[in-house]
Structures are given as structure tokens and as C-alpha cells.
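Each chain, letter by letter, is given below.
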Amino acid sequence: MQIPKGKKIYFASDNHLGAPTQEASRPRERKFVAWLDQIKEDAAVLFLVGDLFDFWFEYKTVIPKGFTRTLGKLAELSDAGIAIHYFVGNHDLWMNGYFEDELGIPVYHKPKEFVFNNKTFFIGHGDGLGPGDKGYKRLKKVFTSSFFKWLFRWGHPDIGMRIAQYLSVKNKLISGEDDATFLGEDNEWLVQYCKRKLEDKHRDFFVFGHRHLPLDIPLGTSKYMNLGDWITYYTYGVFDGETLRLEKFDYL
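Throughout this document, residue positions are counted from 1 along each chain, in the order its sequence is written. Reporting of local features is limited, given that this is a predicted model, to residues whose pLDDT is at least 70; pairs of side-chain atoms are given and counted only at 80 or more, and all residues count toward the totals for whole chains, interfaces and linings. The basis for every side-chain value is the complete set of heavy atoms in the structure, and neither hydrogens nor water enter the calculation.

Trainee: Got a minute to help me understand the pattern of salt bridges in this structure?
Mentor: Opposite charge on two side chains allows them to pair when their charged atoms are near. For this analysis, a salt bridge means a side-chain nitrogen from Lys or Arg found within 4 Å of a carboxyl oxygen belonging to Asp or Glu. Enumeration over the complete set of coordinates arrives at 12 salt bridges. Put simply, glutamate 76 and lysine 73 hold a salt bridge, and the shortest N to O gap is 2.9 Å. Taken together, the residues span about one helical turn, with glutamate 76 and lysine 73 both in helix α2 (residues 68-79) at a distance of 3 residues. Among the ionic pairs, arginine 245 bridges to glutamate 247, the shortest N-O distance being 2.6 Å. Whether a residue is buried, partly exposed or exposed follows from its accessible area with a 1.4 Å probe, protein chains only, as a fraction of its type maximum: under 20%, in between, or over 50%, in that order. Look at arginine 245 and you get partly exposed, because its relative accessible area is 27%. Connected through shared salt-bridge partners, Asp37, Lys40, Lys73 and Glu76 make up one network. The helix and strand labels rest on DSSP assignments: H or I over at least four residues marks a helix, E over at least two residues marks a strand, and numbering proceeds from the N terminus.

Trainee: Please clarify how the packing of helix α1 (residues 22-39) against α2 should be interpreted in this entry.
Mentor: For any two helices packed against each other, one specifies the crossing angle of their axes together with the interaxial distance. Only C-alpha atoms enter the line fits that serve as axes; for helices the fit covers just the stretch in contact. Angles between N-to-C directions range over 0 to 180 degrees. Two elements in contact, α1 and α2, have axes separated by 9 Å at closest approach and are oriented at 10 degrees. For the element pair α1 / α2, the angle class is roughly parallel. Note on element contacts: α2 touches α1 through Thr68, Arg69, Thr70, Lys73, Leu74, Glu76 and Leu77, opposite Glu29, Phe32, Val33, Leu36 and Asp37. Amino acids are sorted into nonpolar (Ala, Val, Leu, Ile, Met, Phe, Trp, Tyr, Cys and Pro), charged (Asp, Glu, Lys and Arg) and polar (every other residue, Gly among them). In the contact of α1 with α2, the residues fall into 5 nonpolar, 2 polar and 5 charged. By the definition adopted for this analysis, an angle is roughly parallel if under 35 degrees, roughly antiparallel if over 145, roughly perpendicular if from 65 to 115, and oblique otherwise. Note on contacts: a residue pair is in contact if any heavy atoms of the two residues lie within 4.5 Å.

Trainee: Teacher, can you tell me more about the pairing of strand β2 (residues 43-48) here?
Mentor: Within a regular strand, side chains alternate between the sheet's two faces. For β2, the buried fraction is high: 6 of the 6 residues fall into the buried class. A pair of strands is considered paired only if DSSP assigns at least 2 bridges between the two. The pairing of strand β1 (residues 8-12) with β2 spans 5 bridges and is parallel. Bridging from a neighbouring strand, tyrosine 10 pairs with leucine 46 of β2. Relative to strand β3 (residues 83-87), β2 is paired through 4 bridges, and the arrangement is parallel. In the sheet register, valine 45 faces β3, and the bridge partner there is alanine 83.

Trainee: Explain α1 to me, please; I cannot follow it from the model alone.
Mentor: Residues spaced three or four apart along an α-helix point in a common direction, a consequence of the helix completing one turn every 3.6 residues. Here, expected helix span is obtained from the residue count minus one, scaled by 1.5 Å. In this model, α1 (18 residues) spans 25 Å end to end at C-alpha, consistent with the 26 Å of a helix rising 1.5 Å per residue. Two axes are fitted around each residue, one to the seven residues ending there and one to the seven starting there, and the angle between them is reported as the bend at that residue. The sharpest bend along α1 measures roughly 30 degrees and falls at arginine 28. Restricting attention to buried positions, one finds in α1 the residues Ser25, Arg28, Glu29, Lys31, Phe32, Val33, Trp35, Leu36 and Ile39. Where α1 is buried, its residues touch β1, β2, α2 and β10 (235-239).

Take a look at the structure:
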């Protein structure tokens with residue numbers, strides 16, 4: 001895909017709307033919606049790279065309550081012809097059709113490649129990739145199993161949401177609380193993952209979330225970018241057709 005002249009591609013991740021409570025995250029939601037309003041003037045494509053919500057589960061006829069302004073704004077951008085792509089994270093991995101059917105937003109459960117202006121992007125949330133993190137990888141296999149999802153769906157949504165919110169905030173394997181410190185390039189597991197992927201094939205840009213740290217690390221002629229979050233940093237990625245850079249949204 002060639003980006004039209006004057007248009008840009010935007011990337012954001014890790015809003016965790018709902019954490020630690022819906023009330024506490026409403027100011028963050030207002031800030032995010034204001035950013036969506038700003039970028040709609042020149043956005044050709046928007047990538048949401050996971051954990052928009054701190055918990056998301058789609059029952060057959062029920063979705064989690066709240067954050068209507070975010071969903072409404074995404075619908076507005078989608079209806080205006082802006083292509084939006086969503087990558088599930090470790091907090092909202094139970095997506096199953098709602099975004100596609102109601103918002104026209106494709107949802108991806110694994111990293112995926114895109115080519116824009118002859119530049120190759122490898123994009124994903126980032127959880128469970130690279131060496132180590134074995135405890136979370138085992139937990140993810142349980143959570144994504146058909147049996148576990150079937151079992152969870154049979155509980156009352158009010159009970160399910162309370163349990164899920166408690167686990168999402170308290171369980172460090174899920175919350176990623178221990179990840180919010182830069183480990184040094186040699187110890188950053190997503191950096192190691194990107195380097196291994198480059199052994200198989202060249203990609204120009206690797207874009208991930210999950211780490212909650214804004215990182216912009218050159219890998220030879222390639223680049224690894226972590227998008228930070230919308231809790232502490234309010235950072236996002238922007239590609240203008242030639243250059244991918246990190247920026248911070250300042251909102252009064």
C-alpha cells in the first residue's frame with residue numbers, strides 16, 4: 001500500500017481502560033479520544049497494538065460495559081474511511097467478532113506483516129514472544145484454550161467481570177507489572193526476538209506494545225519500536241511515508 005501524500009500511519013497501545021477502575025481511567029479515555037480526534041485529519045491507517053481495555057470478553061450477546069466514547073470515536077474514524085487494525089493483547093485476547101461486525105475493524109491474534117511505501121512492518125502486541133517468560137506462556141495457553149473460554153462463558157457476566165478485573169490488576173503474570181523497567185538491549189526479550197526474525201528475513205520496522213516503555217532501538221538497518229502506554233507516557237508511533245518515530249501527546 002502506498003500512503004497518500006500528506007497522510008500518515010499511527011500506532012498506539014496499552015491504554016488498559018478499566019484499570020484500576022473505570023472511574024480512574026476516564027481521564028485517560030478523554031485524553032485518548034482527544035488524540036483520535038486530532039489524528040483523524042491526516043491518518044490513513046491506525047494500528048491499535050493491544051490492551052486497549054484492561055479486560056475484554058465477548059459473551060454470545062454481551063460485551064463489557066463502559067468506554068462508549070472510545071468505541072464511538074473508533075466507529076467514526078472507521079466510517080470516515082480510515083483503516084483501523086487491532087492486535088489483541090494479553091488483557092483483551094478474548095475478542096471474537098464484535099470489532100469486526102460493529103466497527104469494521106479486523107482483529108489479529110498473532111503478529112502480522114504489512115508493507116507501506118515499500119517498507120516492511122512487523123507488528124504485534126509482543127506478549128509471549130522471545131526467550132523466557134515461561135510462566136506467562138503456560139498461562140496464555142490455558143486462557144486461549146477452547147475449553148477454558150467455554151467454561152468462563154457459562155458464568156454470569158457480572159461474576160466473570162469481577163474475577164477477571166481482580167486477576168488482571170493483581171496477577172503480575174497478566175498485568176506485566178514487573179516489565180516496566182528497561183533491561184538493557186542485550187536483555188530485552190523483544191529485541192532478541194526481532195534479531196532472530198531478521199536472521200530469516202529483512203524487515204524495516206518492528207512495532208510492539210506490552211512493555212509499557214517507549215523504546216526506539218536501531219537494529220542495523222532496521223528498527224525496533226515499543227509504543228509505551230497511555231497510562232504514564234501517552235506516547236505513540238507515527239510513520240510519515242519515510243520515517244517512523246515516537247511522539248508524545250500533550251493534552252491540557
